[in-house]
Amino acid sequence: MAEPLIELKGISKAFGKHVVLDGADLTIYPGDALAILGPSGTGKSTILRIIAGLLAPDKGEVYINGKRRCGSLDNFDNPIRMSMVFQQAALFDSLTVEENVGFFLYQNSSLPRQRIRDLVNEKLEVVGLPGIGHLFPAELSGGMRKRVSFARAILDNPDDDLDDPKILLYDEPTAGLDPIASTMIEDLILELQRSSGCETYAIVTHQNSTIRRNGKRLVLLYQGHVQWQGIWDEIETSDNPYLQQFMSGSVQGPMDLVGDYL
Ligand SMILES: Nc1ncnc2c1ncn2[C@@H]1O[C@H](COP(=O)(O)OP(=O)(O)OP(=O)(O)O)[C@@H](O)[C@H]1O
C-alpha cells in the first residue's frame, strides 16, 4: 500500500470542557476519496480543520507526507499545499469573484495582474462559471458561490510546483443546495479528482447522495474517535452497530443522540 499522505494519531481536541475529539486516528492515502461521516457535532469539521492546519490539536500527532507537523499553520507551513472548501464558501463580499478567486496570488505572488486574471478565468471555466469574474458574491446563487470557492481552492501559481494542491478538503460542499445544484457540485468534485492534478480529497458531508457519489472510502466518527471505516462493499456485511444505525438513520441504537445534546 502507498505511504499515507496524512496520518493523524491519537488526536484529541476540546473546546473548554467539551471534549470533541478523543484519541482519533485517521489516515488518508494518495488518491483517496474519503468521506468523513458522523452525527452533527461529532467533530467532523474540527478534524478537517486540524488536517488543514487551521486548528492545533491538544494531543496527538499529525504527519503530512511522513513529516510530523506540530501546532497549526501559525507555527509551521504545511509541507504540501492543502486547499479547503469551506461550508459557507467564505468569499469576501466586497471583492469581485475574480478578486476572491485570485486573492492569494494577488497577495502572495509576483505574477502580473493580467496573468492572474487569465488564471482565474481558466479556473472559473473549469468550475463551469466562465465570464463571471466581474460579479460580486451577492449577485450569485448559493451553488455558484460554492463553485467560486472551488475555483479559489484549485487556483495555483504555475511558476511554483509547491503551490499545487495535493489534497482538497471539502466541508459540507452540498449543504443547503437543491438536489440539482448538489449533483453539479458532486460531479465537479469527481471531475476535479480526474482532471485538476489533485487526486486526493476528504469530504465531510451529511447528504446521502454526496456520501454515495463522492465517498469511496468511509470513516464514521462518533464520541471523539473513529467507530468504523471501510469501503462500500463492507457496509453491507459489517455488523458494526454504529454504522448500521447511522446508515439506516434509526433513532434506536448505540448512538445516544438525544443524550448527547442534553
Ligand atoms: N471554535 C470553537 N469553539 C467552541 N466550540 C467549538 C468550536 N468549533 C467547534 N466547536 C464545537 O465542537 C463540536 C464539534 O463541532 P464540529 O463543527 O467539528 O462538528 P461536526 O461534526 O462538523 O458538526 P456538523 O455536522 O453539525 O457540522 C460542536 O459542539 C461545536 O459547537
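One can find the structure itself at the top, above this paragraph.
Because the structure is a prediction, the values reported are computed rather than measured. (Residues numbered from 1 in each chain as written. Predicted model: local features only at pLDDT ≥ 70, side-chain atom pairs only at ≥ 80, totals over all residues.)

(A) View of the overall build of the protein. The helix and strand tally for the protein stands at 10 helices and 10 strands. A compact globule built from 262 residues would reach a C-alpha radius of gyration of about 18 Å, and the protein, at 19 Å, matches this within 12%. Its C-alpha atoms give the protein principal-axis dimensions of roughly 55 × 40 × 40 Å. Buried residues in the protein amount to 40% of all 262 residues. The long-range share in the protein, meaning contacts at least 24 apart out of those at least 6 apart in sequence, stands at 64%. (Helix = DSSP H or I, 4+ residues; strand = E, 2+ residues; numbered from the N terminus. Rg over C-alpha atoms; globule rule 2.2 N^0.38 Å. Buried ≥ 20, exposed ≤ 12 C-beta atoms within 10 Å, placed from the backbone. Contact = placed C-beta atoms within 7 Å.)

(B) Broad picture of the environment of Val-19. Here Val-19 shows up in strand β2 (residues 18–28). Residue Val-19 is classed as partly exposed on the basis of its 15 C-beta neighbours within 10 Å. As a C-alpha pair, Val-19 and Gln-114 span 95 residues in sequence and 48 Å in three-dimensional space. Contact partners of Val-19, with chain neighbours within four places excluded, come to Ala-14 and Gly-224.

(C) Local environment of the site of the ligand. The ligand sits among Phe-15, Val-20, Gly-38, Ser-40, Gly-41, Thr-42, Gly-43, Lys-44, Ser-45 and Thr-46. Residue contributions to the shell around the ligand peak at three residues, all from helix α1 (residues 44–52). In terms of residue class, the shell around the ligand is built from two nonpolar, seven polar and one charged. (Near = placed C-beta within 6 Å. Nonpolar A, V, L, I, M, F, W, Y, C, P; charged D, E, K, R; others polar.)

(D) Molecular detail of the sheet that holds strand β5 (residues 67–69). Strand order in this open sheet of four strands is β2-β1-β4-β5, and the pairing throughout is antiparallel. At either margin of the open sheet sits one strand with a lone partner, and together these are β2 and β5. For this sheet, the mean angle separating the axes of adjacent strands, direction not counted, is 30 degrees. Bridge count between strand β1 (residues 6–15) and β2: eight bridges; the pairing is antiparallel. Residue Ala-14 lies in a different strand from β2, and its bridge partner there is Val-19. (Pairing = 2+ DSSP bridges. Axes fitted to C-alpha atoms, helices over the stretch in contact; angles between N-to-C directions.)

(E) Summary view of the nonpolar core. The biggest cluster of nonpolar side chains holds 65 residues, and the ones touching the most others in it are Ile-36, Ile-47, Ile-167, Leu-169, Ala-202 and Leu-220. The biggest single contributor to this core is helix α5 (residues 142–154), with six residues. Apart from residues lying up to four places away in sequence, Leu-169 is in contact with Leu-48, Ile-51, Ala-52, Met-82, Ser-83, Met-84, Val-85 and Ala-202. (Core = buried A, V, L, I, M, F, W, Y, C linked by C-beta atoms within 7 Å.)

Everything listed here is a matter of geometry and, on its own, says nothing about what the molecule does.
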